[in-house]
Structure formats: structure tokens, C-alpha cells
Amino acid sequence: MVKRLLLGTLLMLCWPGSWAASIEARVDRNPVTVNESFLLTFDATGEQYENPDFSPLEALFDILNQSYGNRIEMINGQVQQTRQWQLTLMAREPGTYTVPAISFGKDQSNTLSLVVNAEQSGAKAKQTGPIFLEAELSPETAYVRSQMVYKVRLYRSVNLRSANLSEPKVKGVEAIIEKLGDDRSYETRRDGVRYVVVERSYAIFPQQSGTMTVEPVVFQGQIVQGTLFSFNETPQTKRLRSETLSAEVKGVPAGASHPWLPTRQLQLVEEWPEQPPRFRVGEPVTRTVRVMADGIAATQLPELGHSLPEGLKQYPDQPLLKDQPQDNGLIGIRQEKIAIMPSRSGRFTLPAIEIPWWNTATDEQEVARIPERTIEVVSAGNTAATLAPAPAPPAADIPETTRTETAPRSAVSSGMWPWISLAFALGWTLTALLWWRQARGPRRPPAIARPAARFHDVEKACRQNDAQACKAAVLAWARSQWHETPPTSLGAVAARVDADFGEALNGLNRVLYAPDESEWNGMQFLRAAQQWLKSSRSTAVEQVSAIAPLNPR
């Protein structure tokens, strides 16, 4: 009886219908304004047998619309069903609201905090009519290369055809403008009139100090006479201009570090395959370092510069750069993966990684830092069996021979064991010879002859004192020098050369990131490069063969 009860309980726990649902609630914008619609979405995964009860929302908001959808996905070979409810809501009063948990049978969604602002006052609130534009630029004062967010909103209470909105343009200073995601659409009320609002956002990065002016954006479209719900076929062409907006751009403050990184927040983190990481001689361990900055494009983030002590080799992957658009601007992400391979056992200290940045919220210099880490590298002899396994083809043949010979054990006499042992010995000897011959086979890296031939591009850029062209030429030359695991940055090249050439590469990097810092001496750079090239010819083949096992092609 007890066994049956336990079995029934186990079946109930394993039965899909008894799984609890996971319900996530989210809003499309936060904060919102009184009499302005927003979208509240519920995503439910798992099994639900009862409809949700949205009545707690009615006490706080007006429910303008409600929709339901069902989606089935195949994830990792398993079928996952997601049900989605979307409600278009509108707040009646300003304040900070807690969107309550909604019951889905026995399950509940999470709660949310929502800020509802009062209606705008002043010139913007006075704009009325069937269609009009509003523009907004924030902050009104910013540093050079920092992010400013420009938003333009089109309000309409009529139907439109052939509508078009121009892109913003900047005068007074040079600036980079990037669109932030897709347009947003919602509803609002002004003086009792219901409007559909289309909002478009841009990130602006001024490159010079001075007064920056954002010229008006222009809307042009045909208005279909009538309301949103009843109209006739008498289109009227309408052209509108937004207001002109200005902001002051400040220069780099005295004492700020280079590269100049003005941001509200910057994070620097590292990841390892396991904690703590374990190191063995000859085995690579991948270190992932990621820097994330609020309001800085990924291309502005500097190379991280992983310097390692002698006895540790590094092989960096191509860095990953990503811009993640948010409501209030971009989040730039730079990720670097470095394979660290110890060449000897012992204790090593990985130096700290630091990135200085300027906190635009506190107007102070700060430093993001990954502290130094001491690692212990054990000898490869402790794990010889795992470091040097037998080649796959011979290993697969030997068990079959063993099974064939030993299946009828009674038929094998003791006098045959010496011959069987001899056969095994000959097989292993032949395997070892084939393995040795394959390892000693002609693997001639054709790139060894090419770097010197391609080095003339570096010489040309140095003689012309063109730092940008020199960087491109050095990376092209390095790709042929280390063709199997090519370095992707000047810092990665510096890690593979001697101290003099490495310092010249780092100096070139600093000049490229801070052009106003100092002048670059191309001939001095060329002398350091030529000296290293002359001294490294004898070791080029060893470098390529050492890198090859990490990235087989």
C-alpha cells in the first residue's frame, strides 16, 4: 500500500499537467504620463487551466484593450508553450504605482513598480490640433563624446497616408547620430482629445565642445479628413517642423585620463570556465573579460590589454562588440576571450586590469578594476594520461582484437599468451611509429615567408607618418605572421613581441585613442619593428607550431 502511494505521488509530480507555471509581467515604457497609454504584457510558460483575473488592475488603470496569443516553440528538443496576454492601460492620476500580482489559477505573476508623471505644462502642453510634433533633447549640458538623447513625437487624432519624418541634423559641432531601436506607438489624451503618438529616439555623441544645435525634423503626410474611426476620401497634404533645440557641450576636464570615457556607469567583469580556475602545463584555460558602459558605443571602448608574466602564453580571440539600445540610450559592450596556456609549473600572478572613466552623474574620475589574481600551475606529468591519449584509429582496433582473441577463454592455452603479448607489443610499436611520423610530417607554415614580403606596407605607413594606416598594415602583417591564430588588436600583437616593439605598439595605440595627446614618430616605430623582425626570424617556425594546436583548421 505504501509503495503504491509513493508511486502515485511520483507520477503526479512527473505528470506535465502538474507543473507550476512561470508568469512574467512587464511594461513597454516606464515612466509614463497621465492619460497616456502603455502596454502591460504577461508571458506564461507551463500548464494553465484557468483564465487570469485582471480585476485588480481596474482599480488603478483604465483598460483600453486586451488581446491574447499562443506560441509553441521547440527548444533543445523539447516543446515549450508560451501564452501571452497584452493589455493597453492608461493611468488616471500621477504617482508611483505598484502593478499588483495577477492570479492565473494557482499561479501568480510578479509585481511591478510604475511611475506616472503629471501632464506637461508650458509651451508643449499648449500644442493642440489634429496633428503636431514635439521634440526633446537631454541633457541640456554634456561633455564631448558623451551621449545625449533626442526624442521626437508625432501626435495625431486623424488618419494619415504617405507619412514621412526626416532624420535629425546637428549644427555647431561635429556629432555622431544613431537611431535607438524601433519606433514606439501609444495613446494619450490632451484637453479631452485622444491622440495616437509615434515616438522616435536617437543617441547623439558630440565630438567637439561648443554650442550644439539640433535642427527641426520635418514631417510631411496626407491627412484623411475625419476622425480615426470615420473618414472620407479627401486627403490634405500637411507639413510640420519641430522646434529647434540647443545644448552646451563641454570639453574634456583637466586631469581626466585617456582614453576619455564619459558615462553614467561602467562595469568591468571577468569569467572563468570554473571557480577557481585550474591550470596545468600545456592546457589552455579561457578567460572572458567584459566591459559594459551606459551611454558609450562599443567602438569607443578601449582594448583591455592583457599582460601576462613570463611562463604564460596568451592567444586572444576576435573581440565581440555590441551596442544594445535602451529607452534612454545605448549600452556599449566589449567582450574579449583569451586562452591562457602555461609553459611551466609554479605560482603566477595575473596583473590587475583597470579602465579609468569619467562619471557624468557625479562629475568625478573613477576606475573600474579587476584585481590581480594568483594562480597555481601544476605539472603536466600529474595528468599524463589525459594529456596524451592514444590515437583514435589504433585504439578502436585493439579492443576488437582483444574481444576476438579472448571470447572463448577456455580455448586459449597458457602457451599462447607469449604470442598474444608479442602481437600486442608489435601493434603498439607500429602505432607509436605512425603517430611519430605524422607528428614529424611536413607542416610548413607558408605564412613564415610572407610577413617579410608584406612588411613593406608597414614601412610605407611609417615613412608617411600615418598612424591609422600603420595600424591597418601591422594587423595585416600580423595575420600572415601568425596565420593560424591571428591577433586582432595592437595590444594582442604587443603580447607576442619583445619589450621594445611592444612599447612601440602600445604607443601607437595610445595615439590612435587620444589623437591630441602627442605626435607619433613613424621612423622610431619602424626601427623597433625592424629590430624585432630581424631577431625573430629564427623563432618564427616555433611560434607558429606552438599556436597551431589551439585553433586547428
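Below, the structure is looked at part by part. (Residues numbered from 1 in each chain as written. Predicted model: local features only at pLDDT ≥ 70, side-chain atom pairs only at ≥ 80, totals over all residues. Heavy atoms only, no water.)

**Some thoughts on the layout of surface pockets**
Item 1. Reported here for the second largest pocket is a volume of approximately 780 Å³.
Item 2. Considering the residues around the second largest pocket, the lining is formed by 40 residues, among which Glu 136, Ser 138, Lys 151, Arg 153 and Asn 328 are closest to the centre.
Item 3. Of all the secondary-structure elements, those providing two or more residues to the lining of the second largest pocket are strand E2 (32-33), strand E10 (131-138), strand E11 (141-143), strand E12 (148-156), strand E16 (184-190) and strand E22 (262-263).
Item 4. Taken together, the residues of the lining of the second largest pocket sort by class into 11 nonpolar, 13 polar and 16 charged. (1 Å grid on protein atoms, 1.4 Å probe; cavity = no way out; pocket = protein on both sides within 12 Å on 5 of 7 lines; lining within 4 Å. Points joined across faces, edges and corners; volume = space filled by probe spheres on them. Helix = DSSP H or I, 4+ residues; strand = E, 2+ residues; numbered from the N terminus. Nonpolar A, V, L, I, M, F, W, Y, C, P; charged D, E, K, R; others polar.)

**Let's talk about helix H10 (residues 522-536)**
Residues spaced three or four apart along an α-helix face the same direction, because each turn holds 3.6 residues.
Item 1. A rise of 1.5 Å per residue sets the reference length of H10, with its 15 residues, at 21 Å; its end C-alpha atoms lie 21 Å apart and thus fit the reference within 8%.
Item 2. Along H10, the positions that sit buried rather than exposed are Gly 522, Phe 525, Leu 526, Ala 528, Ala 529, Trp 532, Leu 533 and Ser 536. Viewed along the axis of H10, the buried residues span an arc of 165 degrees, placing them on a single side of the element. Along H10, exposed side chains directed more than 90 degrees from the buried face belong to Arg 527 and Lys 534.
Item 3. Among the residues of H10, the N-terminal cap falls to Asn 521, whose side-chain oxygen and the backbone nitrogen of Met 523 are separated by 3.2 Å. (Expected span 1.5 Å × (residues − 1). Buried < 20%, exposed > 50% of the residue type's maximum accessible area, 1.4 Å probe, protein only. Arc of directions from axis to C-beta. Polar contact = N/O pair within 3.5 Å; in protein donor to acceptor, adjacent residues only side chain to side chain.)

**A closer look at the pattern of salt bridges**
Item 1. For the coordinates displayed, the defined rule picks out 19 salt bridges.
Item 2. A salt bridge links Asp 183 to Arg 200; the shortest N-O distance between them is 2.9 Å. Of this pair, Asp 183 sits in the loop between strand E15 (175-179) and E16 while Arg 200 sits in strand E17 (residues 193-206); the two residues are 17 residues apart in sequence, bridging distant segments of the chain.
Item 3. Asp 183 sits in the partly exposed class, given a relative accessible area of 34%.
Item 4. The buried category is assigned to Arg 200, whose relative accessible area is 16%. (Salt bridge = Lys/Arg side-chain N within 4 Å of Asp/Glu carboxyl O.)

**Brief notes about the pairing of strand E28 (residues 329-342)**
Item 1. The element E28 is largely enclosed, with a buried count of 12 among its 14 residues.
Item 2. Of the pairings in the sheet, the one linking strand E25 (residues 285-294) to E28 comprises 10 bridges and is antiparallel in character. When the bridges of E28 are listed, Asp 294 appears paired with Ile 331.
Item 3. With 5 bridges connecting them, strand E26 (residues 312-316) and E28 associate as antiparallel partners. Bridging across to E28, Lys 313 finds its partner in Met 341.
Item 4. Of the strand pairs in this sheet, strand E27 (residues 320-326) and E28 are connected by 7 bridges, and their pairing is antiparallel. Following the sheet pairing, Lys 322 is matched in E28 by Ile 333.
Item 5. Here E27 folds back onto E28, and the loop between the two strands holds 2 residues. (Pairing = 2+ DSSP bridges.)

**Describing the environment of Leu 312**
Item 1. Take Leu 312: it is sitting in strand E26.
Item 2. Spatially, the C-alpha atom of Leu 312 lies 9.8 Å from that of Pro 284, the residues being 28 residues apart in sequence.
Item 3. In this structure, Leu 312 is in contact with Ile 340, Met 341, Pro 342, Phe 348, Leu 350, Ile 375 and Val 377, ignoring residues within four places of it in sequence. (Contact = heavy atoms within 4.5 Å.)

**Some points on the packing of aromatic side chains**
Item 1. The final tally for this structure, using the stated rule, is 22 aromatic pairs.
Item 2. Summarising the aromatic geometry, the rings of Trp 260 and Trp 358 are spaced 5.9 Å apart at their centres and angled 45 degrees between planes, so their arrangement reads as tilted. Note that Trp 260 is positioned in the loop between strand E21 (245-250) and E22 and Trp 358 in strand E30 (residues 353-359), a separation of 98 residues in sequence. Side by side, Trp 260 and Trp 358 carry an identical accessibility label, which is buried.
Item 3. Taking 6.1 Å as the distance between ring centres and 40 degrees as the angle between the ring planes, the aromatic pair formed by Trp 482 and Trp 532 counts as tilted. Placement of the pair is Trp 482 in the loop between helix H7 (467-481) and helix H8 (490-494) and Trp 532 in helix H10, with a sequence separation of 50 residues. (Phe/Tyr/Trp six-rings, centres within 6.5 Å; stacked < 30°, edge-to-face > 60°.)

**Considerations on unusual backbone geometry**
Item 1. Here Asn 30 and Pro 31 are connected by a cis peptide whose omega angle stands at 10 degrees.
Item 2. The residue Pro 31 is located in the loop between strand E1 (22-27) and E2 in this model.
Item 3. A cis amide bond links His 258 with the next residue in sequence, Pro 259, at an omega value of 0 degrees.
Item 4. Within the secondary structure, Pro 259 is located in the loop between E21 and E22.
Item 5. Backbone geometry places Asp 363, a non-glycine residue, at a positive phi of 60 degrees.
Item 6. Residue Asp 363 is classed as partly exposed on the basis of its relative accessible area, which comes to 38%.

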